[in-house]
There are 2 protein chains.
Amino acid sequence: MPQVKVYVTLKPTLLDAQGRVVHNALNSLGYDNVEQVRIGKYIELELTGGSQNIERDVREMCEKLLANPVIENYRFEVVK
Amino acid sequence: MPQVKVYVTLKPTLLDAQGRVVHNALNSLGYDNVEQVRIGKYIELELTGGSQNIERDVREMCEKLLANPVIENYRFEVVK
């Protein structure tokens, strides 16, 4: 059963407000060596059936639902 | 400048409500071959300074702030 790991990240030019908050929190906890924090999504999909067209299907899923291609980048890897 | 990639996932025994919603949405879009969806967080940290104690520090950050160890698992990799 193929498993797909999808990583969705905010485009680098955009301000990551959530990451900024976590960054400040880490600094407050005493971790002064943290320079930047960016937060994205990690999605695990389990698929049934054959492995043909998986890459095409997952790319479609990302474009349509899993990521917002206007503001986010995505990449994925298929684990057989 | 060392970069750390942190993956935070809900423990496998817990119901992933967000993943369930995305699963249903994917099925509605016609992707019937999706068996399970689980959604976690993907966090990129950029650190300054030397690379000593990085693993210990990041483990602490995860335990204290980045993950909730009661309901979540985490793993990370250090990219030099």
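Above this text you will find the structure in question.
Heads up: these notes are all about the structure in this document. This structure is a prediction, so every number in the text was calculated from the model and none was measured. (Residues numbered from 1 in each chain as written. Chains lettered and ligands numbered in written order. Predicted model: local features only at pLDDT ≥ 70, side-chain atom pairs only at ≥ 80, totals over all residues. Heavy atoms only, no water.)

## So, the side chain of A:Arg38
At step 1: Relative to the elements of secondary structure, A:Arg38 occurs in strand E2 (residues 34-47).
At step 2: An unpaired buried charge is present at A:Arg38: no salt bridge exists, and A:Asp16, the closest side chain of opposite charge, is 4.7 Å distant.
At step 3: Looking at A:Arg38, its side chain comes within polar contact range of the main-chain oxygen of A:Lys11, at 3.0 Å.
At step 4: Here A:Arg38 is in contact with A:Leu10, A:Lys11, A:Pro12, A:Leu14, A:Asp16, B:Tyr42, B:Ile43 and B:Glu44, once residues within four sequence places are set aside. (Helix = DSSP H or I, 4+ residues; strand = E, 2+ residues; numbered from the N terminus. Buried < 20%, exposed > 50% of the residue type's maximum accessible area, 1.4 Å probe, protein only. Lys, Arg positive; Asp, Glu negative; His and termini not counted. Salt bridge = Lys/Arg side-chain N within 4 Å of Asp/Glu carboxyl O. Polar contact = N/O pair within 3.5 Å; in protein donor to acceptor, adjacent residues only side chain to side chain. Contact = heavy atoms within 4.5 Å.)

## Structural notes on the relation of the copies chain A and chain B
Between the two chain copies there is a screw-like relation: a rotation about an axis and a shift along it.
At step 1: When chain A is brought onto chain B, the operation consists of a screw motion whose angular component is 180 degrees and whose axial shift is 0.0 Å, with 0.0 Å RMSD remaining. Classification of the inter-copy transformation places it as that of a two-fold axis.
At step 2: A symmetric contact is evident, with 100% of the interface residues of chain A recurring at the interface of chain B. (Least-squares fit on C-alpha atoms with pLDDT ≥ 70 in both.)

## Topic: the sheet that holds strand E1 (residues 3-10) of chain B
At step 1: Strand order in the open sheet made by the six strands is E3(A)-E1(A)-E2(A)-E2(B)-E1(B)-E3(B), with antiparallel pairing throughout. The open sheet has two edge strands with one neighbour each: strand E3 (72-79) of chain A together with strand E3 (72-79) of chain B. Strand-to-strand twist of the sheet, defined as the mean angle between neighbouring strand axes without regard to direction, takes the value 20 degrees.
At step 2: Relative to E2(A), strand E1 (residues 3-10) of chain A runs antiparallel, the two sharing six bridges. Each residue of the ladder has a partner; that of A:Lys5, found in E2(A), is A:Glu44.
At step 3: Sitting on the sheet, helix H1 (residues 17-28) of chain A touches E2 of chain A together with strand E2 (34-47) of chain B, and the angle it makes with E2(A) is about 125 degrees. (Pairing = 2+ DSSP bridges. Axes fitted to C-alpha atoms, helices over the stretch in contact; angles between N-to-C directions.)

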